[in-house]
Amino acid sequence: PRAVFGELDVQAQVTGIGSLFAIHFTAEEITDYRSMLRGDQEMKKRLFMGLINEGLLLFPNKCAGALSTLTTESEVDTLVDATRRVVQRTRG
């Protein structure tokens, strides 16, 4: 997803560690809970609902997920492509 945001010129960050990730719609560096909340929460909700409509489920209200050792490159590509479609449809 990080490449998609750059490609579409959307101010967003992907944070996480190990297999865990979260998407934040902000140009501000995410350093704590408060900086995360200053991001565009409405866009986060639109991405979450849009991905549900694409058949992908992230953690509700957080746009966060986890990759397992069973996750294939094809599944990652599915997430990236769906993110691109949703952002193109919903950016406001």
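This structure is a prediction, so every number in the text was calculated from the model and none was measured. (Residues numbered from 1 in each chain as written. Predicted model: local features only at pLDDT ≥ 70, side-chain atom pairs only at ≥ 80, totals over all residues. Heavy atoms only, no water.)

### Concerning the side chain of Thr26
- Checked against the element boundaries, Thr26 lands in the loop between β2 (20–24) and α2 (33–37).
- A polar atom in the side chain of Thr26 sits 3.0 Å from the backbone nitrogen of Glu28.
- Contact partners of Thr26, with chain neighbours within four places excluded, come to Gln11, Ala12, Gln13 and Gly39. (Helix = DSSP H or I, 4+ residues; strand = E, 2+ residues; numbered from the N terminus. Polar contact = N/O pair within 3.5 Å; in protein donor to acceptor, adjacent residues only side chain to side chain. Contact = heavy atoms within 4.5 Å.)

### A few points about a nonpolar patch on the surface
- On the surface, a cluster of nonpolar side chains totalling about 300 Å² of accessible area is made up of Met49, Ile52 and Leu57.
- Among the residues examined, Met49 registers a relative accessible area of 44% and is labelled partly exposed. (Patch = residues over 30% accessible without salt bridge, like charges linked within 9 Å, V, L, I, M, F, W, Y side chains within 5 Å. Areas by Shrake-Rupley, 256 points an atom, 1.4 Å probe, with all protein chains shown as cover. Salt bridge = Lys/Arg side-chain N within 4 Å of Asp/Glu carboxyl O. Buried < 20%, exposed > 50% of the residue type's maximum accessible area, 1.4 Å probe, protein only.)

### Some words on the packing of aromatic side chains
- Per the counting criterion, the structure on display carries one aromatic pair.
- Ring centres 5.5 Å apart and planes at 75 degrees place the aromatic pair Phe5 and Phe25 in the edge-to-face group. Of this pair, Phe5 sits in helix α1 (residues 2–7) while Phe25 is found in the loop between β2 and α2, placing the two residues 20 residues apart along the sequence. Accessibility classification places Phe5 together with Phe25 in one group, the buried group. (Phe/Tyr/Trp six-rings, centres within 6.5 Å; stacked < 30°, edge-to-face > 60°.)

### Topic: the side chain of Lys44
- By secondary structure assignment, the location of Lys44 is in helix α3 (residues 41–53).
- Of the side chains with opposite charge, Asp40 comes closest to the buried, unpaired Lys44, at an N-O distance of 9.3 Å.
- Lys44 has contacts with Ile23, His24, Phe25, Met36, Asn61, Lys62 and Cys63, leaving out every residue within four places of it along the chain. (Lys, Arg positive; Asp, Glu negative; His and termini not counted.)

### Digging into the nonpolar core
- Ranked by size, the top nonpolar core spans 19 residues in total, and within it Phe5, Ile23, Phe25, Leu47, Leu51 and Val87 carry the most contacts.
- Elements represented by at least two residues in this core include exactly α1, β2, α3 and α4 (73–90).
- At five residues, the largest contribution of residues to this core is made by α4.
- Look past the residues within four positions of Leu51 in its chain and what remains in contact with it is Leu56, Leu58, Leu79, Ala82, Thr83 and Val86. (Core = buried A, V, L, I, M, F, W, Y, C linked by side-chain atoms within 4.5 Å.)

What is shown is where atoms sit, not what they do.
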